Amino acid sequence: MLRLRAHTDRSWLDKVLPHLDQLLVEQAHLEKKAASGALTFLFRYPEADAMQRPLSELVREELEHFEATLGFLAARGLRFGRQKPGPYAARLLEIVRDDEPARMLDQMLCHAVIEARSCERMKLLAEGLRDVDEIELADFYHGLVISEARHHGLWVQLAKTVFAADEVEARLDQVLEHEAVVLARATELPRLHN
Ligand SMILES: [Fe+2]
Ligand SMILES: [Fe+2]
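No experiment lies behind these values; they were computed from the predicted model shown.

*Asks:* Go over the overall build of the chain with me, naming the residues and quoting the values.
*Replies:* Summing up its helical and strand segments, the chain has 7 helices and 0 strands in all. Taken from N to C terminus, the helices and strands of the chain fall in the order α-α-α-α-α-α-α. On C-alpha atoms alone, the chain measures out to a radius of gyration of 16 Å, which is about the 16 Å that the 2.2 N^0.38 rule sets for 194 residues. Taking the principal axes of the C-alpha coordinates as reference, the chain spans close to 45 × 30 × 25 Å. Buried positions account for 51% of the 194 residues belonging to the chain. Partitioning the intrachain contacts of the chain with sequence separation of at least 6 by distance along the chain shows that 82% fall at a separation of at least 24. Total accessible area computed for the chain in this model is approximately 9500 Å², and 54% of it derives from carbon and sulfur atoms. Looking at the chain, you have 25 positive and 33 negative side-chain charges, and the mean spots of the two groups are 4 Å apart.

As C-alpha cells, then:
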C-alpha cells in the first residue's frame, strides 16, 4: 500500500487496541504536528508559490482532525495532555540532509511517508475497532485513512512542483527504504508511530 516497503504486522494491532486512551491522545498530537509541519513549510518557503494554497488547506484540514480527535477524547472523559512520543518520526527524520534544497525535498518526502504509514495503520485500527464494536471510532479512523492517503499523494505531488520528477522518485525510494529500517526498530510503546 502506498509503496511502503514493510507492512505492519497484525500483532501491532493486538498490542495497541487495549490502549485506546493513549492512542487517541497520540492521535490528537499527530494531527497537531501534521498541521504544524505544513505551516512550517509555508513560512520557510514563501517563494514556492505553487505550494502556498494547498499547504494552507492542509493546515486547516489537519486542525479539523485535531479538533475532531479532541471531541472523541472529551466524549470518553479523557484529557489531552503531554505524552511520551514514540521514536518513529525522529528516527525517520534522521535521513533529512542539512543543506537546501535537499533539506526541503527530504522533509516533504518524510511527510509523505509518515502520511502513508499513518494511513496503513489507521486502516488496521479501523478494522480492529469494528471487530470490538467501537463503530463510531472505527468510522472516524476510516475517514482519516482516506485523508491520509490523499495527503501522501499531495506531498509527493508538491515536491514535483519544485524538483524534477525523477529526482523525487529516486529520493522517495531511499526514504521508503530508510522507513522500513526504522519500522524494524519499533518500540513496544502503544502508539501509531512507535
Ligand atoms: Fe490528519
Ligand atoms: Fe494528514
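*Asks:* Explain helix α5 (residues 102-131) residue by residue, including any values.
*Replies:* Look at α5: 44 Å from first C-alpha to last across 30 residues, which is about the 44 Å you get at 1.5 Å a residue. Here α5 lies mainly inside the structure; 25 of its 30 residues are buried.

*Asks:* Hey, could you go over the pattern of salt bridges for me, with residue numbers and the actual values?
*Replies:* For the structure on display, the rule yields 16 salt bridges. Residues D106 and R97 are paired through a salt bridge, measuring 2.8 Å at the closest nitrogen-oxygen approach. Here D106 and R171 are joined by a salt bridge, their closest N and O atoms 2.8 Å apart. Taken together, the positions of D106 in helix α5 and R171 in helix α7 (residues 165-184) put the pair 65 residues apart, joining distant regions of the chain.

*Asks:* Which residues make up the coordination of the iron ion (ligand 1), and what values do they have?
*Replies:* Ligation of the iron ion (ligand 1) by protein atoms is provided by E31 (OE), E62 (OE) and H65 (ND1), these donors lying 2.0 to 2.3 Å from the ion. All donors of the iron ion (ligand 1) come from a single chain, and their spacing in sequence reads E-x30-E-x2-H. Metal-to-metal, the separation of the iron ion (ligand 1) and the iron ion (ligand 2) is 3.5 Å; E62 coordinates the two. Linking E31 in helix α2 (residues 20-44) with E62 in helix α3 (residues 49-75), this pair joins segments that are 31 residues apart in sequence.

*Asks:* Help me get a handle on the nonpolar core, residues and values and all.
*Replies:* Core analysis: the biggest nonpolar cluster contains 38 residues, and F41, M51, L55, M104, M108 and W155 have the highest contact counts within it. Among the secondary structure elements, those contributing two or more residues to this core are α2, α3, α4 (88-92), α5, α6 (135-162) and α7. When neighbours within four sequence positions are excluded, M51 is seen to be in contact with F41, L42, Y45, M104, M108, L158, T161 and V162. Within the second largest apolar cluster, 26 residues are counted, among which are L73, C119, M122 and L137.

*Asks:* Summarise the coordination of the iron ion (ligand 2); cite the residues concerned and give the values.
*Replies:* Ligation of the iron ion (ligand 2) by protein atoms is provided by E62 (OE), E115 (OE), E115 (OE), E148 (OE) and H151 (ND1), these donors lying 2.1 to 2.4 Å from the ion. Written as a sequence motif, the donor arrangement for the iron ion (ligand 2) is E-x52-E-x32-E-x2-H.

*Asks:* Requested: an account of α7, with residues and values cited.
*Replies:* Each turn of an α-helix holds 3.6 residues, which means side chains three or four residues apart point in the same direction. With 20 residues, α7 extends 29 Å between its outermost C-alpha atoms, agreeing within 8% with the 28 Å of an ideal straight helix rising 1.5 Å per residue. Those residues of α7 not exposed but buried are V168, R171, L172, V175, L176, H178, E179, A180, V182 and L183. In the core, the buried residues of α7 are packed alongside α4, α5 and α6.

*Asks:* How would you explain the environment of S11 if you had to name every residue and give the values?
*Replies:* As for its position among the elements, S11 is in helix α1 (residues 10-16). Here the alpha-carbon distance between S11 and L55, two residues 44 residues apart in the chain, equals 35 Å.

*Asks:* Explain the side chain of H151 residue by residue, including any values.
*Replies:* Within the secondary structure, H151 sits in helix α6. Polar contacts involving the side chain of H151 include one to the side chain of E148, which spans 3.1 Å. Beyond its immediate chain neighbours, meaning those up to four positions away, H151 contacts L58, E61, E62, H65 and E115.

Reading the values: rules and limits
Residues numbered from 1 in each chain as written. Chains lettered and ligands numbered in written order. Predicted model: local features only at pLDDT ≥ 70, side-chain atom pairs only at ≥ 80, totals over all residues. Heavy atoms only, no water. Helix = DSSP H or I, 4+ residues; strand = E, 2+ residues; numbered from the N terminus. Rg over C-alpha atoms; globule rule 2.2 N^0.38 Å. Buried < 20%, exposed > 50% of the residue type's maximum accessible area, 1.4 Å probe, protein only. Contact = heavy atoms within 4.5 Å. Areas by Shrake-Rupley, 256 points an atom, 1.4 Å probe, with all protein chains shown as cover. Lys, Arg positive; Asp, Glu negative; His and termini not counted. Charge placed at Lys NZ, Arg CZ, Asp CG, Glu CD. Expected span 1.5 Å × (residues − 1). Salt bridge = Lys/Arg side-chain N within 4 Å of Asp/Glu carboxyl O. Donors = N, O, S within 2.8 Å, 3.2 Å for Na, K, Ca; no water. Core = buried A, V, L, I, M, F, W, Y, C linked by side-chain atoms within 4.5 Å. Polar contact = N/O pair within 3.5 Å; in protein donor to acceptor, adjacent residues only side chain to side chain.

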